[in-house]
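For reference, the chains in residue letters:
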Amino acid sequence: MKQLKNKSISVLLNIATMLISITCIFPLIWLAYNSVKDKFEFMKDTISLPADPQWGNFWEAIQLGNLIPATFNTVFNSVINVILVCLGSIIVGYFLERYEFRGKKIISAIFLVGMVIPLYSLLVPMFLQYKVLGMLNTRFVLILPYFAMQISLGILLCKSFVHGIPKEIEEAAVIDGCGMRQLLKNMIFPLCKPMISTVGILTLLASWNEFAFATVLSSGSQYRTLSVAVQSYSSGREMEYTLFLAALLMVSLPIILIYCIFSKQIINGMTAGAGKG
């Protein structure tokens with residue numbers, strides 16, 4: 001009787017999980033099949049499948065939204081930010097964990113505060129500062145804000161991971177004549193690969209999807225990102241819903257695939273850092 005009860009509870013939990021999963025997956029499916037409808041069919045019925053798929057919507061959406069240069073800008077900002085955040089996180093996290101020096105607690109507190117303060121509250125001051133410096137609508141205008149968004153979390157995760165690495169390994173390497181650069185390159189970086197990968201993927205996701213800073217600091221220029229470019233389907237003209245949906249699908253699909261491929265790596269890195277801390 002007890003086994004039957006446990007089995008019934010398990011079945012109910014599985015059904016509930018499946019229903020919740022459907023509510024998460026259906027919007028993507030809806031987005032996919034509505035992106036290949038023509039405008040009149042979409043306005044008539046947004047639930048039914050397309051009678052005559054319009055595959056040309058994707059190319060038309062690329063041209064109308066000027067998505068090719070926007071894709072380059074997004075990839076450029078994301079890759080640069082991933083490299084800077086990963087390097088900064090592991091190096092700073094390592095030194096904060098392994099070395100004692102004056103001001104260490106203050107520096108650690110500053111990074112912790114960086115995770116608490118909402119960065120979007122700094123949007124207007126940063127806009128005014130960039131305007132005075134003449135940095136608005138430039139190639140590197142988004143690098144610093146994106147770096148500031150992710151560096152605190154990256155340092156915290158890497159610091160927690162380094163805490164679990166035995167000091168005896170580093171001491172043995174130093175006795176064998178390993179310098180600081182060799183220690184970081186040949187020992188710390190390889191040992192911290194799971195956490196570095198996690199930080200890199202989280203940084204990529206955040207940089208790809210960021211909208212507010214991209215809108216204020218680089219909107220309307222040749223350096224605008226994909227999150228800004230997809231707004232062009234409703235600005236100053238009749239709303240092109242199907243083209244808008246096609247653009248959303250193309251913009252979202254790469255980052256969704258990356259997350260699906262590396263989701264296990266993210267979870268393993270986060271749990272490893274938590275366990276070692």
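Details of the structure are given in the entry above.
Caption draft 1: Broad picture of the packing of aromatic side chains. Counted according to the given criterion, the structure contains eight aromatic pairs. Ring centres of Tyr94 and Tyr99 lie 6.1 Å apart, and the angle between their planes is 75°; on these two criteria the pair is classed as edge-to-face. Using a relative accessible area of 32% as the deciding quantity, one classes Tyr99 as partly exposed. Aromatic rings pair up to connect Trp30, Phe42 and Tyr241 into one cluster. In this structure, Lys39 packs its charged tip against the face of Phe40, placed 5.7 Å from the ring centre. In this structure, Arg139 is placed above the aromatic ring of Phe76, and the distance from its NZ or CZ to the ring centre is 5.3 Å.

Caption draft 2: Just the pattern of salt bridges, in detail. With the rule as written, the count across this model stands at three salt bridges. For Glu97, the salt bridge identified is with Lys159, shortest N-O distance 3.5 Å. Of this pair, Glu97 sits in helix α4 (residues 67-98) while Lys159 sits in helix α7 (residues 143-163), placing them 62 residues apart in sequence. Its relative accessible area of 14% is what places Glu97 among the buried residues. Using a relative accessible area of 25% as the deciding quantity, one classes Lys159 as partly exposed. We note a salt bridge from Arg98 to Glu170, for which the minimum N-O separation is 2.7 Å.

Reading guide: rules and limits
Residues numbered from 1 in each chain as written. Predicted model: local features only at pLDDT ≥ 70, side-chain atom pairs only at ≥ 80, totals over all residues. Heavy atoms only, no water. Phe/Tyr/Trp six-rings, centres within 6.5 Å; stacked < 30°, edge-to-face > 60°. Buried < 20%, exposed > 50% of the residue type's maximum accessible area, 1.4 Å probe, protein only. Lys NZ or Arg CZ within 6 Å of the ring centre and 35° of its normal. Salt bridge = Lys/Arg side-chain N within 4 Å of Asp/Glu carboxyl O. Helix = DSSP H or I, 4+ residues; strand = E, 2+ residues; numbered from the N terminus.

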